[in-house]
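Below, each chain spelled out in residue letters.
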Amino acid sequence: MEGEKSSLFFVLLFLNVIWLVGSVSGIGVNWGIQSTHPLPPSTVVKLLKDNGIQRVKLFDADPDILDAMKKSGMQVMVGIPNDMLYTLANSVQAAEKWVSKNVSAHLSSGGVDIRYVAVGNEPFLSTYNGTYESTTLPALQNIQAALTKSGLSNRVKVTVPLNADVYQSSSEKPSDGDFRPDIHDLMLQIVKFLSQNGAPFTVNIYPFISLYSDPNFPVDYAFFNGYQPAINDNGKNYDNVFDANHDTLVWALQKNGFTNVPIIIGEIGWPTDGDKNANLQLAQRFNQGFVSRYYVSQKGTPMRPGPVDAYLFSLIDEDNKSIRPGNFERHWGIFYFDGQPKYQLSLGQSKGLVAASGVDYLAKKWCVLKPSANLNDDQVAPSVAYACENADCTSLGYGTSCGNLDVKGNISYAFNSYYQIHDQLDSACKFPGLSMITDKDPSVGTCKFRIMIQTDSAEWIDGRTWFLRKVFFVLLFYIITIIM
């Protein structure tokens, strides 16, 4: 029996090495589509190619995106949303159907190089209150069984992108790391399953969140410029929080008998707006520092020297993401919503980012507050609230790109955001007695009043649904004003 176990171990190790040798090097990116006006998939694929990006992580298995990636040469991680875990955990047939439709079909019909299936996304976040704890492992097992049945288990690996809160250290030292007590046994089951199948442990690490959550967190420790005094952990020095966080996981794995499980950084990045520490300068400093240290220099961490396997979060801003964690959630992209680079960033192969091509914009006009409008008008507050609730005002507020606007500027920004998101419909600039359309750009300094891009909504969602949604919002607004 021991001989059989040993043979099995070496077979899995050999297959894993072969699989890794065939992997493309270079930084990957997360491609999310929670946008009111997402760029067409073909435009984004060209953007990826133009920037030398060869590895992409998706949050679902959108068929339009996967079709656009055919014969692109890019390696892809497809995702399974958390709301599908229950079904997949309770039905092998559902898992087989999912794999057939979202993996096998794309591998066989057009050459989409799918390398991973991400089962769930941060399912053990403490804010979920254990909702997915009973379904994540069974779903993982069923997807693995489906891949095996399809003959794909050596080509496509399963994983579970986890938040870094699944492990912790009792001190500031990584060597005191272990898995979170409330899910410790579950984590060991998952890691054992991943290890047995030659699959990686995927973790999302966010130094920005450390800074955002703790006002006393040392700012420079979030970056890669050699923060001092470094933390000395049995002779290994930690001068940045990424190394410390990563190696806390390494220790948690090691302590529990899993020394050689590969680690993928599923998400890492820095937002550019929506918080006093979210701006272009800090985002450029962080992302360039990360790429230079772990991809150009391939320095690795004290516990795992060498290249780091990671996906930047994210490729493009998403103006329809939930802002429950913070207003910064809509500003993680290294590109704006229209595919324009935010700052200079060398990904190792180029001197800077290349903008998306062939992007069409709506007319150069904006919706703003009338000069004659009375700020004491009872309609001002509900109008701004309505506009922001149904658009994106996350660039407003202390320390943001539009933080220096006066009251009138804030109102105009809210109105214009609503107007642009609703495709510059005349009815979207009908705030009672307050708004007007202008062809003069109201942008001021760092605060840009954006013009929306033209998109073919039928490519993404049913056009009638989109139209009815607009009509509903306009009617709702007028009903509110009548009541007021």
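Presented here is a report on the structure given in the accompanying data block. From a predicted model like this one, the values you see are computed outputs, not experimental measurements.

Cut-offs applied
Residues numbered from 1 in each chain as written. Predicted model: local features only at pLDDT ≥ 70, side-chain atom pairs only at ≥ 80, totals over all residues. Heavy atoms only, no water. Pairing = 2+ DSSP bridges. Helix = DSSP H or I, 4+ residues; strand = E, 2+ residues; numbered from the N terminus. Axes fitted to C-alpha atoms, helices over the stretch in contact; angles between N-to-C directions. Contact = heavy atoms within 4.5 Å. Salt bridge = Lys/Arg side-chain N within 4 Å of Asp/Glu carboxyl O. Buried < 20%, exposed > 50% of the residue type's maximum accessible area, 1.4 Å probe, protein only. Arc of directions from axis to C-beta.

The next thing to look at is the sheet that holds strand β4 (residues 113–119). One open sheet accounts for nine strands, arranged β5-β4-β3-β2-β1-β13-β12-β9-β6; its pairing is parallel. The sheet terminates laterally at β5 (157–159) and β6 (161–163), the two strands that pair on one side only. Between one strand axis and the next, the sheet turns through 25° on average, direction left out of account. In the sheet, strand β2 (residues 55–58) pairs with strand β3 (residues 75–80) via three bridges, with the strands oriented parallel. Within β3, the position partnered with K57 by the bridge is M77. In the packing of helix α9 (residues 241–255) onto the sheet, contacts are made with β9 (201–204) and β12 (263–268), and the angle to β12 comes to roughly 145°.

What follows is about the pattern of salt bridges. For side chains bearing opposite charge, pairing can occur when the charged atoms are close. Under the definition given, this model contains 14 salt bridges. A salt bridge links E267 to K57; its shortest N-O distance comes to 3.7 Å. Here E267 is found in strand β12, whereas its partner K57 is found in strand β2, with 210 residues between them in sequence. Given the relative accessible area of 5%, E267 is considered buried. The salt bridge partner of K342 is D317, with a shortest N-O separation of 2.7 Å. Here K342 is found in the loop between β13 (309–312) and β14 (366–369), whereas its partner D317 is found in the loop between β13 and β14, with 25 residues between them in sequence. Taken as a pair, K342 and D317 share a single burial class, namely buried. Here the residues in one salt-bridge network are D165, R180 and D182, joined through shared partners.

Along helix α11 (residues 380–389), the residues that are buried comprise V380, S383, Y386 and A387. Along the axis of α11, the buried positions cluster into a sector of 140°, meaning they face one direction only. The exposed residues of α11 that point more than 90 degrees off its buried face are A381 and E389.

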